[in-house]
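A closer look at the structure
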Amino acid sequence: MARPKREINTSLLDSVTADMLGGGDIGALHDDSLRVERILLDLVRPDPLQPRRVLPDRIYQAFHAERMTPSQSLRELILIAQVTARQQGRPFNNVLELLGNPDEEESREDLPPLSPEEQLVRDLVNLAMTIRDDGQVNPLTVVDVSQGVTRQFRIETGERRYWATWLLRDFIPGYESDGMIPCIVIPPESASAFRQAKENTARSGLSAIAMARQVALLLLYVHGYEMPTGPVSGDFYRQAVNLTLRDKREYTANILSAMGGINRKQFSRYKALLRLSDDALEMADRFSVDEGRLRYVVQLEADDQIEMIRQIVQFSLTRKQVKDLIEKGSETDQSSDDAPVSRQLLQLAKVMRAKDLPDPRVLADYLTTQEKNAHLARARLQTLRQVLIEAERFLAD
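Digging into a negative patch on the surface
- A surface patch of negative charge is lined by Asp279, Glu282, Glu301 and Asp303.
- Take Glu301: its relative accessible area is 61%, and that puts it in the exposed class.

Regarding the sheet that holds strand E3 (residues 140-144)
- Strand order in the open sheet made by the five strands is E1-E5-E3-E4-E2, with mixed pairing throughout. The sheet is open, and its two edges are formed by strand E1 (35-40) and strand E2 (44-45), each paired on a single side.
- Across four bridges, the pairing between E3 and strand E4 (residues 153-157) is antiparallel. What sits directly across from Val143, in E4, is Arg154.
- Helix-sheet contacts for helix H6 (residues 193-202) involve E3, E4 and strand E5 (180-186), and the interaxial angle to E4 is about 50°.

Details of unusual backbone geometry
- The backbone of Glu66 sits at a positive phi, close to 60°, despite the residue not being glycine.
- In this fold, Glu66 is placed in the loop between helix H2 (57-64) and helix H3 (70-87).
- Positive phi is not limited to glycine here, since Ser316 has a value of about 50°.
- Mapped onto the elements, Ser316 comes out in the loop between helix H13 (302-315) and helix H14 (319-333).
- Look at Ser316 and you get exposed, because its relative accessible area is 54%.

Cut-offs used in this document
Residues numbered from 1 in each chain as written. Predicted model: local features only at pLDDT ≥ 70, side-chain atom pairs only at ≥ 80, totals over all residues. Heavy atoms only, no water. Patch = residues over 30% accessible without salt bridge, like charges linked within 9 Å, V, L, I, M, F, W, Y side chains within 5 Å. Areas by Shrake-Rupley, 256 points an atom, 1.4 Å probe, with all protein chains shown as cover. Salt bridge = Lys/Arg side-chain N within 4 Å of Asp/Glu carboxyl O. Lys, Arg positive; Asp, Glu negative; His and termini not counted. Charge placed at Lys NZ, Arg CZ, Asp CG, Glu CD. Buried < 20%, exposed > 50% of the residue type's maximum accessible area, 1.4 Å probe, protein only. Pairing = 2+ DSSP bridges. Helix = DSSP H or I, 4+ residues; strand = E, 2+ residues; numbered from the N terminus. Contact = heavy atoms within 4.5 Å. Axes fitted to C-alpha atoms, helices over the stretch in contact; angles between N-to-C directions.

Now the structure itself:
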C-alpha cells in the first residue's frame, strides 16, 4: 500500500487541552486560526475514525454509510435498549424514564444491571438534560471540511455532546431548539490526531479497545497512511499491528503523551489487542473488558475469543482466572501425534470409558469446592465441553 509523504501536525497538541474544553476560558486559546461559532447541527458529522465509539457497530456502519440519519440512528439505539430493558423487567416508553425515580430504586435492586445500550442511552439522556438546564458549556471541536459552497464540519472531540444534542432535540418532550450547536472550528490544515487522542485519554471511561484503536490511529497517522472518510472495520486498525514506535522515534514522546503518558510496554499491550477478531473487538468494547484480561484472550482462535469474552462478562472472571483457563487449555492443545499423551488426557479418556460416569451433582460440588467459585467451575465445564466438541469434529473428519 503506497503511503504518500506528508507533514505530521503536532503544533496544536497542547493548544486545546481537555481542561480548556472542560470549561476554561476560550479566550485563552492563542492560535488565531481557532474560533467559536454556532453551527447548524445538520452540518456537523462525527468522525468515523474516532476511537471512542458511541454507537454499536451495526448502527455505526449504517450511519457513516449514510443509510441512517442521526435521528434514525438514535431511534434504533433506543429500540435496542427498550428490548433489553423489557427482557430484564424494567420496560420504558420515554427515554426520561431511564433517569429513574428515587422512590423506585429499592424495588429495582434485585434486577440485573443495565445493559451497555441501556447505560449508553441513560448517559446520553443525563447529558442532554444538563445541556437543556445549563446550556452547552463545552463546545465541540470540529474541523472545517467544507468543499466549495457546501459547508461541512467533522467532529474532532465531543461526539457524545453531539448525540446528546440530537437526543434533546428529537426525543425530549417540550424542548425547543434553534438547531445550532457551539463549536471551536479548526481549519483543515490544523487538524490533529494528537489533540483528539489527548482529549480522549484525558476523559474517563475510555475502554481498552478504544485505547487500542487510538494506538493504531496515531501509528497510522505518523506513518503516513491515508485516512478513510467513511466507516471502517477492524482491518483498518489492524494495519498498525506491524508498525512500531522505533520507526518514528521523533514522534514517540508526542504519541505516548497523547495516550495519557503511558509507557512503551503499555502501548504495546494495547496494540496487541488489535489481533482480536471483529466480533471479539465489538463485544469487548461493548462490555468495557479491560486490557489485563484481554491480553490472554488474544492468544485464542477467533471463535474461542468470543466464547472466552462471553464467560468473562457472564461470570465476572478475574485476570488470574482468565489466565489459568487459557494457559491450562493451551497445555492440552500442545500434544501432537508424535508427543507422549499427557497424564491428564489419559485420566479423562479413562473416565469416559468407565461404565458408571460421575454423578453430575457430585461433579459440580467437587469442582466448586476445588475452585472455590461456582462461576469459575462452570467456566471450566464449558471449556471442557468445547474440547469435546472439537474432538467429535476430528472424529467426523
